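# Residue-level structure breakdown
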Amino acid sequence: MAHAPYRSRPRVVLVTRKTALEGLRESRGTLDQVRFYLSSRGQDIAYVQEAHDRFVAAYAQVEGAIPADQRRVRIDRGDLDRFLFAPDDRVVVVGQDGLVANVAKYLSGQFVIGINSDPERFDGVLCRHPPAAMPELLQWTTGGGFLIENRTMALAEREDGQKLLALNEVFVGHRTHQSARYTIEVDGTIERHSSSGVLCATGTGATGWARSICEQRKVENELPRPSDPSLAWMVREPFPSVSTGVGLDFGLLEPDARLILHSEMAEGGAIFADGIESDALEFLGGQSVTIRRAEQALQLVVPEHVFRDSPGSL
């Protein structure tokens, strides 16, 4: 098949993160020092070396499938907040599912293709495709075989206008996960709390941290699916006392509903999305946050058979 002219094809943005071996080499200097560091702790370098080699091979296969005259750029996870995405970019995430969540909040409707670089170690819930599928994925708009799954995202907005987007969940609480004090407001009901924090999850996040909390608490309510417009919120370990209650501890937010929290913490209060604590917003006494469904959604490219075979799909 002849390739379209250079100007007519969108740029491919390849998103990756450092492998464990690359991180260790940066901190230790040389491969020998990494080997010594790991062996002194009873670990074998072979495990991280194998994972690194698998990623390198997968990435080479993905990049090799891009036509030589097609624009492409590689971005590390740590540089996402400084990168400007074009409206027609094709975003290709090579790695594990968490990297899709990392990039989602920086997008505004671009298609995202998740490539699982190591199926033996990563589940591939969001990174649905093997590296070998890259040629077909680049032609998917004309060749068929793939569809777009709209994944709901959550928005947390502080009273001063600061915002965080989340593909999985928003967490509000204390940075150290110790007792957080706040008032919670939902559906016109207000209650003062002392707890380990509040989690508000999308249908995507309902398969991860939120699911663990619900299973531990024996919550029987059905959680949202990835494409559902509703969110699920839950309070972690609410503590009953003379001044705090436990009546508001779980619920679903319909598309137009809001969950509002007012901080009563003198220090350590934080709001973060998708587990990225380094990107947290401050949440101290006098500050509030409103959590709701975001207007934008992740446009995830998935195999066409997913819509027929998976109960979690559209």
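Computed from a predicted model, the values in this text were never measured in an experiment.

Parameters and conventions
Residues numbered from 1 in each chain as written. Predicted model: local features only at pLDDT ≥ 70, side-chain atom pairs only at ≥ 80, totals over all residues. Heavy atoms only, no water. Helix = DSSP H or I, 4+ residues; strand = E, 2+ residues; numbered from the N terminus. Rg over C-alpha atoms; globule rule 2.2 N^0.38 Å. Buried < 20%, exposed > 50% of the residue type's maximum accessible area, 1.4 Å probe, protein only. Contact = heavy atoms within 4.5 Å. Areas by Shrake-Rupley, 256 points an atom, 1.4 Å probe, with all protein chains shown as cover. Arc of directions from axis to C-beta. Phe/Tyr/Trp six-rings, centres within 6.5 Å; stacked < 30°, edge-to-face > 60°. Lys NZ or Arg CZ within 6 Å of the ring centre and 35° of its normal. Core = buried A, V, L, I, M, F, W, Y, C linked by side-chain atoms within 4.5 Å.

Looking only at helices and strands, the chain has 8 helices and 16 strands in total. Its C-alpha radius of gyration of 21 Å places the chain within 12% of the 20 Å reference for a compact globule of 314 residues. Across its three principal axes, the chain shows a C-alpha extent of roughly 70 × 50 × 35 Å. For the chain, buried positions account for 49% of its 314 residues. A separation of at least 24 residues holds for 69% of the contacts in the chain among residues at least 6 apart in sequence. Total accessible area on the chain is roughly 15300 Å²; 49% of this is exposed by carbon and sulfur atoms.

Structurally, I113 can be placed in strand β4 (residues 111-116). Take I113: its relative accessible area is 3%, and that puts it in the buried class. Among residues more than four places away in sequence, those in contact with I113 are V91, V92, V93, H129, L137 and V301.

Residues A210, I213 and C214 constitute the buried set of helix α7 (residues 209-217). Angularly, the buried residues of α7 cover 95 degrees about the axis, an arc narrow enough to put them on a single face. Residues of α7 that are buried sit in contact with β10 (198-201), β11 (231-235) and β12 (250-253). Just downstream of α7, K218 is the residue with a positive phi angle, here 60 degrees.

Here we come to the packing of aromatic side chains. In this structure the tally under the stated criterion is 4 aromatic pairs. Consider the rings of F83 and F85, whose centres lie 4.8 Å apart with planes at 80 degrees: the pair is edge-to-face. Overall, the relative accessible area of 10% leaves F85 in the buried class. Connected via pairs of aromatic rings, a cluster forms that spans F171, W209 and F272. Across from the ring centre of Y59, 4.1 Å away, lies the NZ or CZ of R74, which sits over that ring. Above the ring of Y47, the side-chain terminus of R121 is found at 3.9 Å from the ring centroid.

Looking at soluble globular proteins, one finds that nonpolar side chains tend to be buried together. In terms of nonpolar packing, the biggest core is built from 27 residues, with W233, L259 and I271 touching the most fellow members. Among the elements that make up this core, the one with the highest residue count is strand β8 (residues 180-186) (4 residues). In this structure, I271 is in contact with A156, R158, L164, V170, F171, V172, A280, L281, E282, F283 and V289, ignoring residues within four places of it in sequence. I75, A104, L107 and L298 belong to the second largest nonpolar core, which has 25 residues in total.

Unlike most non-glycine residues, H177 shows phi in positive territory, near 65 degrees. For H177, the location among the structural elements is in the loop between β7 (169-174) and β8. Here E237, not a glycine, exhibits a phi torsion of approximately 50 degrees, which is positive. The residue E237 is located in the loop between β11 and β12 in this model.

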